[in-house]
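# Remarks on the overall topology
Here's the letter readout for the chains.
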Amino acid sequence: MYKAYISGIGHYLPEKIITNDDLSKIMDTSNEWIYERTGIKQRHYVSPGQGPSDLAIPATENALKMANLSVKDIDLIIFATSTPDYYAPGSGCLLQDKMGFQTIGALDIRVQCSGFVYGLSIANQYIKTGEAKNVLVVGAEVQSTTLDLSTKGRDTAVIFADGAGAAILTSTDEGKGILSTHIHSEGKFAKELWVESPSTIDSPRLSQEILDEGKHFLYMNGREVFRNAVKRFPEIIMEALDAHNMSSGDIDLLIPHQANIRIIEFIAKKINIPMDKIISNINRVGNTTAASIPIAFSEALIEGKIKKGQNIILAAFGSGFTWASAAIKW
Ligand code: COA
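All of these numbers come straight from a predicted model, not from anything done at the bench. (Residues numbered from 1 in each chain as written. Predicted model: local features only at pLDDT ≥ 70, side-chain atom pairs only at ≥ 80, totals over all residues. Heavy atoms only, no water.)

Moving on: the domain arrangement of the protein. Looking at the assigned domains, one finds that the protein contains domain 1 (3–174) and domain 2 (179–329). On a C-alpha basis, the centroid separation for the pair domain 1 and domain 2 is 14 Å. Each side of the interface is counted separately: domain 1 has 49 residues, and domain 2 has 52 residues. Carbon and sulfur atoms supply 66% of the area that domain 1 and domain 2 bury against each other, a total of about 3,800 Å² over both sides. Our count for the contact surface shared by domain 1 and domain 2 stands at 0 salt bridges. Where domain 1 meets domain 2, there are 17 residue pairs in polar contact (both at pLDDT 80 or more). Those elements that place two or more of their residues in the side of domain 1 that touches domain 2 are β1 (3–12), α2 (31–38), β3 (42–45), α5 (115–128), β6 (134–141), α6 (154–157) and β7 (163–172). Element by element, the count of residues in the side of domain 1 that touches domain 2 is highest for α5, at 7 residues. Residue classes in the side of domain 1 that touches domain 2 are distributed as 20 nonpolar, 19 polar and 10 charged. (Domains from an automatic or database assignment. Contact = heavy atoms within 4.5 Å. Buried area = accessible area lost by both parts, 1.4 Å probe. Salt bridge = Lys/Arg side-chain N within 4 Å of Asp/Glu carboxyl O. Polar contact = N/O pair within 3.5 Å; in protein donor to acceptor, adjacent residues only side chain to side chain. Helix = DSSP H or I, 4+ residues; strand = E, 2+ residues; numbered from the N terminus. Nonpolar A, V, L, I, M, F, W, Y, C, P; charged D, E, K, R; others polar.)

A regular strand carries its side chains on alternate faces of the sheet. For strand β4 (residues 76–80), the buried fraction is high: 5 of the 5 residues fall into the buried class. Side chains of β4 alternate between two faces, with Leu76, Ile78 and Ala80 and Ile77 and Phe79 buried alike. Following the backbone out of β4, through helix α4 (residues 91–99) and into the adjacent parallel strand β5 (residues 105–109), one traces a crossover that is right-handed. In this structure, β4 lies alongside β6, joined through 5 bridges in parallel fashion. Across the sheet, residue leucine 76 finds its bridge partner in β6, namely valine 135. (Buried < 20%, exposed > 50% of the residue type's maximum accessible area, 1.4 Å probe, protein only. Right-handed = clockwise from strand over helix to strand, strands pointing away. Pairing = 2+ DSSP bridges.)

Moving on to the site of the ligand. What surrounds the ligand is a group of 22 residues, the closest being Thr29, Arg37, Arg154, Arg223 and Asn260. One nitrogen or oxygen atom from the side chain of arginine 37 is found 2.6 Å from an oxygen atom belonging to the ligand. Between the ligand and the protein, one listed contact pairs a nitrogen atom with a backbone N or O atom of glycine 222 at 2.9 Å. Notes on the ligand: free accessible area 970 Å², of which the protein chains cover 73%. For the shell around the ligand, the element with the highest residue contribution is helix α8 (residues 222–242), accounting for 4 residues. Looking at side-chain class alone, the shell around the ligand contains 11 nonpolar, 5 polar and 6 charged residues. Formed jointly, the shell around the ligand draws a minimum of three residues from each of two domains, domain 1 (3–174) and domain 2 (179–329). (Near = heavy atom within 4 Å. Areas by Shrake-Rupley, 256 points an atom, 1.4 Å probe, with all protein chains shown as cover.)

What follows deals with the sheet that holds strand β11 (residues 253–256). Spatial strand order, β8-β13-β12-β11: 4 strands in an open sheet with mixed pairing. Edge positions in the open sheet fall to β8 (177–185) and β11, since each of these has one partner strand only. Ignoring strand direction, the axes of neighbouring strands in this sheet form an average angle of 10 degrees. Docked against the sheet, α5 engages β8, β12 (311–318) and β13 (322–329), running at close to 125 degrees with respect to β8. The strands touched by α8 are β8, β11, β12 and β13; relative to β12, the strand with the most contacts, the crossing angle is about 150 degrees. (Axes fitted to C-alpha atoms, helices over the stretch in contact; angles between N-to-C directions.)

Tallied over the full model, the rule gives 5 aromatic pairs. Ring plane angle 50 degrees and centroid distance 6.2 Å describe the contact between phenylalanine 233 and phenylalanine 317, whose orientation is recorded as tilted. Taken together, the residues phenylalanine 233 in helix α8 and phenylalanine 317 in strand β12 connect sequence positions 84 residues apart. With respect to burial, phenylalanine 233 and phenylalanine 317 carry one shared label: buried. Ring geometry for phenylalanine 297 and tryptophan 330: centres 5.6 Å apart, planes at 50 degrees, overall tilted. Separated by 33 residues along the polypeptide, phenylalanine 297 in helix α11 (residues 292–302) and tryptophan 330 in the segment after β13 bring together distant segments of the chain. (Phe/Tyr/Trp six-rings, centres within 6.5 Å; stacked < 30°, edge-to-face > 60°.)

Rendered as structure tokens:
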């Protein structure tokens, strides 16, 4: 059996910065409300015409550069997004063309905030079995065009944002890399955090009535999401630790999905890990769904917070509900 390690990681945030004060000009909200409840001060939004496959390009270029690889070396693209450029085909196919990858497999996965860790889990299996040597895992999102940026949608709109992260998983026989991944889902909560339309159940898929009812916007039942997140995050972290007879004291760095600072603080208390061992950029970046973990990971690496030999845990929770973790020896 081979082992997979992260040979490269990169990220990209679109140029346009939207502060809480900017949002308070278009909806009834305030910097104080948003910051106190979520920890967010600003986020990035795309410019018209930019899709997740576009955001993925610079993120992937940075990841390839760090790995010292070219597009020709990549055997498979796994593209995690809950906001694909188009209903069909997938954003992975678009990225294959835009970056000139060979005619390799391109797989979109839609597991929302857990997408990047699910993607690592799939890539890990391809590499362990020797089916692939280098796999690209992208998490890229354009949430801004899915948000109801009026007072009606304010509880959801202030949280979500745009961005992209990308990692290259490479085969190795050294003692580092992905130790294990764990993935879960519970679809009975599907409607607590979802985009109802356009839907294949509706005929026609899109109508004036659907638009008037705002069914095409991301909807979130914040309290139900919070209640489940604070249960599932600690569970999935403990599952990753238990698999290697580790305890929370063995974690050098926890990189959680940047859902909300209050959720991250709750996790820290629950599993007894100091906040300085937890990476958080939510104040600047907001919640970028599948892109959130690779962006935080890439930034932490650039800032010199990640060192050889560290035990790193990635943990995600999101719409579905889905949740996932990865244990990594750096
Ligand atoms: N600005 C100002 N006021 C707002 C607001 C906003 N952006 N959004 C909601 N409010 C108001 C509500 O209308 C409500 O007013 P009322 O008391 O007059 O009815 C009040 O603030 C409290 O709303 P509520 O929804 O009860 O707030 P909350 O304490 O549950 O906080 C969230 C809302 C969304 C911040 C919180 O539920 C949360 O963090 N949920 C988890 C979200 C998350 O992490 N999602 C990502 C998962 S991947």
